[in-house]
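Residue-level structure breakdown
Each chain, letter by letter, is given below.
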Amino acid sequence: DVKVTQSSRYLVKRTGEKVFLECVQDMDHENMFWYRQDPGLGLRLIYFSYDVKMKEKGDIPEGYSVSREKKERFSLILESASTNQTSMYLCASSLGEGPGTEAFFGQGTRLTVV
Amino acid sequence: QQPVQSPQAVILREGEDAVINCSSSKALYSVHWYRQKHGEAPVFLMILLKGGEQKGHEKISASFNEKKQQSSLYLTASQLSYSGTYFCGTEEAAGNKLTFGGGTRVLVKP
């Protein structure tokens, strides 16, 4: 089974802190994604990576950056956390090759910024 | 950029049918459907590809109208286990970024 693991289920950080959310997948997937989930807004794509060191902005990249130094690990960075970044963050990965491959999600990190 | 889903919520009695719609303003390569139960990660249901390939799941099926960039998910003879939030995801090209809609909350009552 594909496993996508997010480092923390719950995280509380202070305004202005630099925050790292880590995601690791164990199936040699090319594509990795970071989404933010808020009530009524669905899953909004923050960043997408299709290879090591390759990234593409999603719909809401402002206030976030990402790092993919190794194929299995995709990190989301909040340079200076703000209260409006309090949310559920979901990481996902997909094979990336061939016609239409499914995405596998991690369990999510619920981040609270106080 | 996000696809638009409708309705936002639906309440069913066990055994009833429902349709969830997903539309995009962009030309699409594929449409994905996922279901998320409370407190859990979204789980893949099916993919519909440009060219008409469909893959069903139990009594849940879907269609993809490429010309209209619309997809519909059909919940037939719903079961209690169908409750959850359904998301459609779209790709504009193979292996490209996957963008999701706002979700449709489904509640199936006994």
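Rules used throughout
One numbering rule holds for all chains: residues counted from 1, following each sequence as written. Throughout, the order in which chains and ligands are written sets their labels, letters from A for the former and numbers from 1 for the latter. A pLDDT threshold of at least 70 governs which residues receive local features in this predicted model, and a stricter bar of 80 or more applies before side-chain atom pairs are shown or counted, although totals over entire chains, interfaces and linings include all residues. Hydrogens and water molecules were not included; the side-chain quantities draw on all heavy atoms of the structure. Numbering of helices and strands runs from the N terminus; a helix is a DSSP stretch of H or I covering at least four residues, while a strand is a stretch of E covering at least two. Radius of gyration means the value over C-alpha atoms here, while the globule rule gives 2.2 Å times the residue count to the 0.38 power. Buried residues are those whose accessible area, probed at 1.4 Å on protein chains only, stays under 20% of the maximum for their type, while exposed residues exceed 50% and partly exposed ones sit between those limits. By the convention used here, residues are in contact when the closest approach between their heavy atoms is within 4.5 Å. Defined by distance alone, a disulfide is two cysteine sulfur atoms within 2.5 Å. The criterion is simple. A nonpolar core is a set of buried Ala, Val, Leu, Ile, Met, Phe, Trp, Tyr and Cys residues joined through side-chain atoms within 4.5 Å. Two strands form a pair only when DSSP identifies at least two bridges running between them. The axes are straight lines fitted to the C-alpha atoms, using for helices just the contacting stretch, and the angles between their N-to-C directions are given from 0 to 180°.

1. Considering the overall build of chain B
Across its full length, chain B holds 0 helices and 10 strands. Helices and strands appear in chain B in the N-to-C order β-β-β-β-β-β-β-β-β-β. Whereas a compact globule of 110 residues would reach a radius of gyration of roughly 13 Å, chain B reaches 13 Å, a difference of no more than 12%. Its C-alpha atoms give chain B principal-axis dimensions of about 40 × 25 × 20 Å. Taken across its 110 residues, chain B has 47% of its residues classed as buried. Sequence-distant contacts in chain B: of pairs separated by 6 or more residues, those separated by 24 or more amount to 55%.

2. Focus: the state of the cysteines
Note: disulfide means a covalent bond formed between the sulfur atoms of two cysteine side chains. One pass over the full model with this rule turns up 2 disulfides over all chains. Note that C23 of chain A is cross-linked by a disulfide to C91 of chain A, the S-S spacing being 1.9 Å. Negative torsions about the S-S bond denote left-handed disulfides, and the value of about -75° found for C23 of chain A with C91 of chain A makes this one left-handed. One end of the pair, C23 of chain A, is in strand β3 (residues 19-25); the other, C91 of chain A, is in strand β9 (residues 87-94), with 68 residues separating them in the sequence. Taken as a pair, C23 of chain A and C91 of chain A share a single burial class, namely buried. Across the disulfide from C22 of chain B sits C88 of chain B; the S-S distance is 2.0 Å. Around the S-S axis, the bridge from C22 of chain B to C88 of chain B shows a dihedral of about 70° and counts as right-handed. Of the two residues, C22 of chain B sits in strand β3 (residues 18-23) while C88 of chain B sits in strand β8 (residues 84-91), which places them 66 residues apart along the sequence. Here C22 of chain B matches C88 of chain B in class, with each residue buried.

3. Topic: the nonpolar core
Across soluble globular proteins, nonpolar side chains have a tendency to be buried as a group. Ranked by size, the top nonpolar core spans 21 residues in total, and within it W33, L73, L75, Y86 and V106 of chain B carry the most contacts. Among the secondary structure elements, those contributing two or more residues to this core are β2 (9-13), β3, β4 (30-36), β5 (43-49), β6 (60-65), β7 (70-75), β8 and β10 (104-109) of chain B. In terms of nonpolar packing, the next biggest core, distinct from the first, is built from 20 residues, W34, I60, Y64 and Y89 of chain A among them.

4. Thoughts on the sheet that holds β3 of chain B
All names here are of chain B. Taken in spatial order, the 4 strands make up an open sheet running β1-β3-β7-β6, and their pairing is antiparallel. Only two strands of the sheet have a single neighbouring strand rather than two, namely β1 (4-6) and β6. For this sheet the average axis-to-axis angle between neighbouring strands, irrespective of direction, equals 15°. The sheet contact formed by β3 and β7 spans 6 bridges and is antiparallel.

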